[in-house]
Each structure stands twice: as structure tokens, then as C-alpha cells.
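Residues per chain are reported as follows:
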Amino acid sequence: MLSIVKQIINIKNKINIKAYTKQAKNVIEHIKDITQKSDQELKNSLSKTNNVNNELLVALLCEVATRSLRMTPYPNQIKAIMALIDGKFIEMETGEGKTLVFSLASAALAIKERKVVISSANEYLSERDYNFNKPFFDFLGLDTSLIKHNHTHEEKSKSYVSDIIFCDLSEIAMDYLRSAMAKSVDTFIDIKTDVLLIDEADSVLLDKAINAITVSKPVDLDIESMMNALAFVKDLNVFTNAEQELDISNTDYDAVIYSISNELVISDATYSKYENYLISKSIITDDFELYNAINLMKVVALESAIRAMYEYQNGKHYIVHKNSVVPLDRDSGRAAFGKFYNSGVQQMLEIKEKANVTEEHAPLASISVQRFVSLFNMVLGMSGTLVEDREELANLYGADIVVIERNKPLLRNDVGDLLFVDKKSKLKHTIEMILEAHKKGQPVLVSARSEGEANEIASSLDSLMISFNQIKSSDPLNESQIVKKAGMLGAITISTSITGRGTDIILGGTEKVDQQKVIDAGGLLVIGYGRQYLAKLDRQLIGRSGRQGDVGKTVIISSLDDEILAPYKASSIKKLLIDAGVNVNLPIQNKGISKSLTIAQKRAHSEAVKSRKLLFSMLSEMESQRDIVFDIRKQLLLSSDEEFSIYLSSVAGKSLTVDEAVELRDTALCIFDSAYEDYRLKVKDIMSNIGLRGAVVNNMGVEVKKELFRTFEIFLNLYDEDIRNHCL
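Residues numbered from 1 in each chain as written. Predicted model: local features only at pLDDT ≥ 70, side-chain atom pairs only at ≥ 80, totals over all residues. Heavy atoms only, no water.

Asker: Could you give an account of the overall build of the protein chain, naming the residues involved and the relevant values?
Answerer: Counting its secondary structure elements, the protein chain contains 27 helices and 20 strands. Classification of the 728 residues of the protein chain by burial places 52% in the buried group. The long-range fraction of contacts in the protein chain, counting pairs at least 24 apart against all pairs at least 6 apart in sequence, stands at 73%. Total accessible area on the protein chain is roughly 33600 Å²; 52% of this is exposed by carbon and sulfur atoms. Seen as two clouds, the 87 positive and the 101 negative side-chain charges of the protein chain have centres 7 Å apart. (Helix = DSSP H or I, 4+ residues; strand = E, 2+ residues; numbered from the N terminus. Buried < 20%, exposed > 50% of the residue type's maximum accessible area, 1.4 Å probe, protein only. Contact = heavy atoms within 4.5 Å. Areas by Shrake-Rupley, 256 points an atom, 1.4 Å probe, with all protein chains shown as cover. Lys, Arg positive; Asp, Glu negative; His and termini not counted. Charge placed at Lys NZ, Arg CZ, Asp CG, Glu CD.)

See the structure below:
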């Protein structure tokens, strides 16, 4: 039975859909009157749309899309366009044409003289969408641009004045930070934060919301301390994926990493052994010395070394590509080139893998994804999975979500879960299912949780001399091309997680004969190789099959060895079942055990929300401080000479003439930046040491905020004092 809240939400969505259905019908009626217009007549009509209603404007845009892109929006797409223009967030299933909806909605807003930024999941998709939509925007006379990470300052300066900008959100955020920390007016870009349209909105606004986007500079590394810590931890007894109830003091473990909270707890005995180890190497003279402020990073190095040695696994959490350690995105499985682990973990992994050791970087400025998004006057988003996070999106961004129905009825067969006793039988059944589908020409898309698991499937198929395509996290440029072919007759595609989002899988390709053969074979078979931690990721994967009324089939194959079940005594249940003589080659017929998968996902979602709430609380103080810093720097860099003299006089505590103040402008900026750099290093230490306080303690957010406030107060006082001393 639905809860009262869910019933109210469903009623509200029905009311919204009813309104947008009526609007869509009116748009379609307008289109009938427009189709006979010449291109010039259509352009003339568009030039007079500032004062017309949205329905006529969208009708004109639909006709332009038909002529310039050879694509006519379906009624459900028109509903989504109307809802977006109205300020709603949209949930649309995979394959329902979100890209076209974004294009028309952004054009409608730009015509009304709004500055629009369209953010895609990555740079490749931004460039693809920019090139695809250019004929449409050119017809409308709208100026569009593409922002890429390798563009020069001059190229970006020109791009940022466009009506519509396509980009990866992190790139525009870094440009915002670079401008905030600009050393001269010549390197400053005035970035307009008016309207932001976000594809895969739940991933950006929630899953990645607490990620810090940072511009930084290199700092010296204490390689010796890192190597000592790694050498020390290699023989420790460390338990990973522990149940939260486990108390390390009642075990023989040297350290424990908990599966849900990801908390690392090091035993007192291990700290004592580490002290003795450092004393034996004459690094410290007594056990108390380790905890002096000057040696604090040696304690942090111990924690980073344990995580690097026991928690992070090659092929699962990172890969080694061209002698470099590259993190893998937890949700997509993609190699996150240009990203690095922090708190010394990156360098620890590089030493462990004998790879190139990268420089540690001190942040010059940073901003969370959530905070940067909040700078925009209007934020709109689309995704195939928003409903699960409706409450959190509403609280953080004021999002009102409208669920748009499919254009055609769903013909997909969702088998659900098949749960096996161990990973060996899980793999065996997966291979059997792939071979069975392959024999009849049915295309198969298998999605594993990690690259290591994907490689296991690939090796099994190799041994049987079965051809397949595998999406490698180290080769993201070919990802889209491989996914495009996943619906071909007899194709087998292996991926990690939800790679390839944003690319349609067309059954049978362009050949009518092959299309019919694939349909007759049952459409695309999607196999999830184990449940994801978050249920919405499974939903995103399942959505790859059955697009636009296609036939298809989906199944998720799990085992009691899967990491997601580790906190639920799965190993004990496995032993009981084996002792009872169950056939390991058959799925477990036990609703209680199967239900544990759903419970695990709900718990993971709850923990993610809880963790984000705590971090948002701590980050809010940093974000407020950053706003003050950027305001001061803007004053130092961009204010008029008269305004600057007033400002500097107030800081210096003495009256300065305009000429005297102007002479000190560059000096004041240097003094401020030097003081700010010291402050940033102290903040980094505070945030790095959160783990040492315990991952979840009462009032930790309040304690950290107080410490950040005191640090900021000291920074501003030192800056004011340096300015006064310089003006004496």
C-alpha cells in the first residue's frame, strides 16, 4: 500500500501531466498551421516571439527541428519541453529523446534572452550534442559555443558570451575558480550563471554534489614518510567490508574498514607498533613525538597506506594506464582521467604499483558541485531516475519533478533477480545465458560492477572462442561507438556499470532484415552482473533494453559472495546452504535472502543521504568563507581606483590618496593571496584529519565548522595586519 506522501506525489504528478498534455495538444494544433510557412516566414515568426505564449513558441521550434534536424518531437517530448520551460525537473526513461527535449527547451529560453549552459555527463557528449544541434540553433540565429578543457583563454573568453554553451560542468566551474583567482584583469572571465540545464541530473546534483572542483598548484611531497608507512602496513591483519557492529577491540585485527560508513579504525596496538617502527628507523625519538603537529602527516600517511594497500584494488577502484594510476568512477566504471585520489592515497597507490608518482597539489581555490550549481538563477534537470531522490532534490534545489510517460508501451520482460550461492556459479550461469542468447542471434549487454569482474566474463568467453566487444575504462573515446553496436545481430558487449549512457542502442542497426531478426530473437538482453549499491543504477541499466517500444529482456545475476551482501552475514548463510547440500548451480529460492539485496540498496541509499547531509553541513562554512574571499579579490582586482582607495584606507586604518592606493594594488593582491594560501593549507589539514576523529561522531559537523570559522578569522586578521604594516 502506498504511503500518504507517495499518494500525494502521484496525484500532483497526474495534475501536472494533465496540464502539460493539454499544452502539448495545443502545440500540435499550432504546428499544423505552421508547416506551410517558408523558412523565411518561419524565421520572421520567430523574431516576434518575445511576447507570444510558450505554446506557439514551442510549436515554431518543433517545426524548425523537423526542417533542420529531420526530427519531429513526439507528444511526450513536447510535454517535457513545456515542463522544463516551466521550471520543472523531468524524469524520462532511457531512449525517449531527452537530447531533443533539452535542445528545444534551451532554445526557447535563449530566445527569451536567457543565457543558457547545457551540461552533459562528459566532454565527449557535450561535443556530440553541440555538433548535432548546430544546424537547429543556426537556423534560429542563436550563437552557440563548446567549452573544452584544452581551449585557450582567448577561445573561452569568446565562447562565454554565446547564447547557449555546451560543456562539462566541472570545466566551467574550474574556469569560474580560475577567474576568481586571476592575477590580472586580462586573465579574468565574467562567467554568466543564469540558466543551467543538467543531463543525468541525479548523478550531478546528488551523487557528485559533494565532490570538490579544485584549481591547485604543486607542493613538496614527503615520499619518505609514505614509503615508510607502506612498508609498515604490508604485513598487517586488516579486515575490509566489516559489519558496522564489529568492535575492533574484541578482535585480533590491526585495522578494520567498515562496509557501510567506509570508516577506518586502527587499533591502539597498531599505533604502538607504528611508533616503535618509526623509533627503530630513528625518524622519531619517543612515542609521544608522533603526535606533535609537525609529525601529524605521518599519522595521516598510516591511514592512507592502509587504504591503498587493502581497500583500493587494481581493476576495481583504479587502473594503471601508461604507468599512471587512474581512478575509476564508482557509478559509471569509467576511467576518470585527470582526477586523483586525495589525502595521499593517490601517491600511495602509485608507490604500491611502481607507477609514476604525481605531485601532491595544494588547492588554490575549490567549490563543491552543489555550491556551484546554486550560483545559477535557474537550474533544470533531466534523468531516467529522479523519483527515488525526489525529497532530497526538493530540499537542496527546490526541484519539482514531473514524470513523463513513454511514447510507446513497454514490451520488455524484466526477469528480476537470480541469486546464486557463490561467484563461481554466478559466472557459470551468466556465461550459459549469454551463449543461449548468442545462438539465436539475440544481442547481449552485460554490465559488471568492476573492470575486474568484466575481465572475468571476457576471459570465460575468450576460452570458448566467442567474439565480443568490451568497453575498457582506459579507452573512453571508443565507449560510445561500442555501445552503439550493442544491439546488432548476435553482438555481445561487456561493460562496467552504466557506461555508455547518452548513446542509443538501435536493434539490428540500419538493415531492415537484421532489425527483424533481432526482434524475432527477443530484442536486447541486458544482464546485470550483480546488484549496484544504489537501486537507481540498476534501473538505469535495465532501461537500456526496451526503448521506444522495442522487445527486450533483463535480468540481474547476483551471489552471496557479492560485496553488497557482506554486511548481512552472507558468508554464514552461504556455509549453511552448502552444508545443507543445496545445488550451487541453481538459483536460491528464498525470498528472505533475495529481499536482503533490496534492503542493502535501501540502506546504502540512506547512508549516502546521511553522509551528504553531514558533509553539506561542514562544507557550508567553507562555501560561505569562499564567497567572502572571492568578493575581496574582485574588489582588489576589478574595483575602480576611487573604490579601491576607499577599501584600502578602511583596511589600513588610515586615509590614503587615490594615487597612494593605486601604487599598492598589486602588493595588496599578493599579500592577500599569500595569506589565503596559508589558510587553504590549514583547511586541507582540517578536512584530511576528519577520519582521525572517527567517521561518525556526535556533533562532528559542528566541531569542524567551528574550527573552520576560527581558521578563517585568523586568516582575515593576519591579512589586515600585513596591510596595515605595509601602509605604515
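What follows picks up the thread again.
Asker: Any details on the side chain of glutamate 623? Residues and values, ideally.
Answerer: The residue glutamate 623 is located in helix α22 (residues 591-638) in this model. Excluding anything up to four places from it in sequence, glutamate 623 contacts Ile367, Ser368 and Arg371.

Asker: Account for the sheet that holds strand β7 (residues 238-242), with residues named and values stated.
Answerer: A sheet is described by the order of its strands in space; here 3 strands give the open sequence β7-β8-β9, paired in mixed fashion. Only two strands of the sheet have a single neighbouring strand rather than two, namely β7 and β9 (264-266). On average, each strand axis in the sheet is inclined to that of its neighbour by 15°, with strand direction left out of account. When β7 meets strand β8 (residues 255-258), the two strands line up parallel, connected through 3 bridges. When the bridges of β8 are listed, valine 238 appears paired with alanine 255. Strands in contact with helix α12 (residues 296-311) are β7, β8 and β9; relative to β9, the strand with the most contacts, it is inclined by about 115°. (Pairing = 2+ DSSP bridges. Axes fitted to C-alpha atoms, helices over the stretch in contact; angles between N-to-C directions.)

Asker: Lay out the nonpolar core in plain terms, naming residues and giving numbers.
Answerer: For soluble globular proteins, the rule of thumb is that nonpolar side chains tend to be buried together. Ranked by size, the top nonpolar core spans 72 residues in total, and within it Leu205, Val373, Leu636, Tyr719 and Ile723 carry the most contacts. Judged by nonpolar contacts, the second largest core, of 54 residues, contains Met82, Val116, Ile118 and Phe137. (Core = buried A, V, L, I, M, F, W, Y, C linked by side-chain atoms within 4.5 Å.)

Asker: Lay out the pattern of salt bridges in plain terms, naming residues and giving numbers.
Answerer: Applying the stated criterion to the full structure yields 39 salt bridges. One salt bridge connects glutamate 311 with arginine 307, and the closest N-O pair in it is separated by 2.6 Å. Of this pair, glutamate 311 and arginine 307 are both found in helix α12, 4 residues apart, which corresponds to roughly one turn of the helix. Judged by relative accessible area, glutamate 311 falls into the buried class, the value being 15%. With a closest N to O distance of 2.7 Å, glutamate 432 and lysine 428 form a salt bridge. Here the residue glutamate 432 and the residue lysine 428 both occupy positions in helix α16 (residues 423-439), the gap between them amounting to 4 residues, near one helical turn. (Salt bridge = Lys/Arg side-chain N within 4 Å of Asp/Glu carboxyl O.)

Asker: So what about helix α10 (residues 223-233)? Which residues, and what values?
Answerer: Among the residues of α10, Ser225, Met226, Asn228, Ala229, Leu230, Phe232 and Val233 are the ones counted as buried. Structurally, α10 contributes buried residues whose contacts are with α11 (268-280), α12 and α13 (345-352).

Asker: Tell me about the sheet that holds strand β3 (residues 144-146), residues and numbers included.
Answerer: Reading across the sheet, the 7 strands line up as β3-β4-β2-β5-β13-β1-β14 and stay open at both edges, with parallel pairing between neighbours. The outermost strands of the open sheet, each flanked by one partner alone, are β3 and β14 (401-403). On average, each strand axis in the sheet is tilted by 15° relative to the strand beside it, whichever way the strands run. With 3 bridges connecting them, β3 and strand β4 (residues 164-168) associate as parallel partners. The partner of leucine 146 across the bridge, within β4, is phenylalanine 166. Contacting β2 (116-120), β3 and β4, helix α6 (residues 123-140) runs over the sheet at an angle of about 160° to β4.

Asker: Now, about the confidence of the model for the protein chain: what can you tell me, with residues and values included?
Answerer: The predicted coordinates of low-pLDDT regions are not to be read in fine detail. Of all residues in the protein chain, 93% attain a pLDDT of 70 or more, and the chain-wide mean is 87. Within the protein chain, the lowest mean pLDDT, 48, falls on helix α26 (residues 690-693), and the highest, 97, falls on β3. (pLDDT = per-residue confidence, 0-100.)

Asker: Run through unusual backbone geometry, naming residues and quoting values.
Answerer: For asparagine 241, which is not glycine, the phi dihedral falls at a positive 60°. As for its position among the elements, asparagine 241 is in strand β7. Overall, the relative accessible area of 25% leaves asparagine 241 in the partly exposed class. In this model, serine 282 sits at a positive phi of 60°, which is unusual for a non-glycine residue. Its place among the elements puts serine 282 in the loop between α11 and α12.

Asker: Give a detailed account of the packing of α16 against helix α17 (residues 451-463), specifying residues and quantitative values.
Answerer: With their axes 11 Å apart at the nearest point, α16 and α17 run at an angle of 55° to one another. Judged on the interaxial angle alone, α17 and α16 are oblique. Between α16 and α17 lies a crossing of right-handed hand. Of the residues in α17, those in contact with Lys426, Leu427, Ile431 and Ile434 of α16 are Glu453, Glu456, Ile457, Ser460 and Leu461. In the contact of α16 with α17, the residues fall into 5 nonpolar, 1 polar and 3 charged. (Parallel < 35°, antiparallel > 145°, perpendicular 65-115°, else oblique. Left-handed = near helix turned anticlockwise from the far one by under 90°. Nonpolar A, V, L, I, M, F, W, Y, C, P; charged D, E, K, R; others polar.)

Asker: I'd like a rundown of the side chain of lysine 148, residues and numbers included.
Answerer: Relative to the elements of secondary structure, lysine 148 occurs in the loop between β3 and α7 (153-159). A polar contact is formed between the side chain of lysine 148 and the side chain of glutamate 127, at a distance of 3.1 Å. Excluding residues within four positions of it along the chain, lysine 148 makes contact with Glu123, Glu127, Lys156 and Glu171. (Polar contact = N/O pair within 3.5 Å; in protein donor to acceptor, adjacent residues only side chain to side chain.)

Asker: I'd love a proper account of the pairing of strand β10 (residues 318-321), names of residues and values included.
Answerer: Examined bridge by bridge, β10 and strand β11 (residues 324-327) share 4 bridges and lie antiparallel to one another. Looking at β11, one finds that histidine 321 is bridged to serine 324. Hairpin remark: β10 followed by β11, antiparallel, with 2 residues in the connecting loop; positive phi at lysine 322, about 50°.

Asker: Could you give an account of the pairing of β4, with specific residues and numbers?
Answerer: Across the 5 residues that make up β4, a large majority, 4, are buried. In this sheet, β4 lies alongside β2 in parallel orientation, the contact comprising 5 bridges. Considered in β4, the bridge of isoleucine 118 is made with phenylalanine 166. Crossover β3 to β4 through α7 is right-handed. (Right-handed = clockwise from strand over helix to strand, strands pointing away.)

Asker: Residue-level account of the packing of aromatic side chains, with values.
Answerer: In the structure shown here, the tally under the stated rule is 19 aromatic pairs. Relative to tyrosine 647, the ring of phenylalanine 644 has its centre 6.3 Å away and its plane inclined at 40°; by these criteria the two rings are tilted. Here tyrosine 647 and phenylalanine 644 lie together in helix α23 (residues 641-652), a separation of 3 residues that amounts to about one turn. Following the ring pairs from residue to residue traces out a cluster consisting of Phe672, Tyr676, Tyr679, Phe712, Phe715 and Tyr719. Taking NZ or CZ as reference, lysine 43 lies 4.9 Å from the ring centre of phenylalanine 139, over its face. Seen from the ring of tyrosine 529, lysine 426 lies directly overhead, with NZ or CZ sitting 4.1 Å from the centre. (Phe/Tyr/Trp six-rings, centres within 6.5 Å; stacked < 30°, edge-to-face > 60°. Lys NZ or Arg CZ within 6 Å of the ring centre and 35° of its normal.)

Asker: Now, about the environment of tyrosine 291: what can you tell me, with residues and values included?
Answerer: Locating tyrosine 291 in the fold gives a position in the loop between α11 and α12. For tyrosine 291, a relative accessible area of 43% gives the class partly exposed. With 148 residues separating them in the primary sequence, tyrosine 291 and aspartate 143 have C-alpha atoms 59 Å apart. The residues touching tyrosine 291, leaving out its near neighbours within four places in the chain, are Tyr271, Glu275 and Val299.

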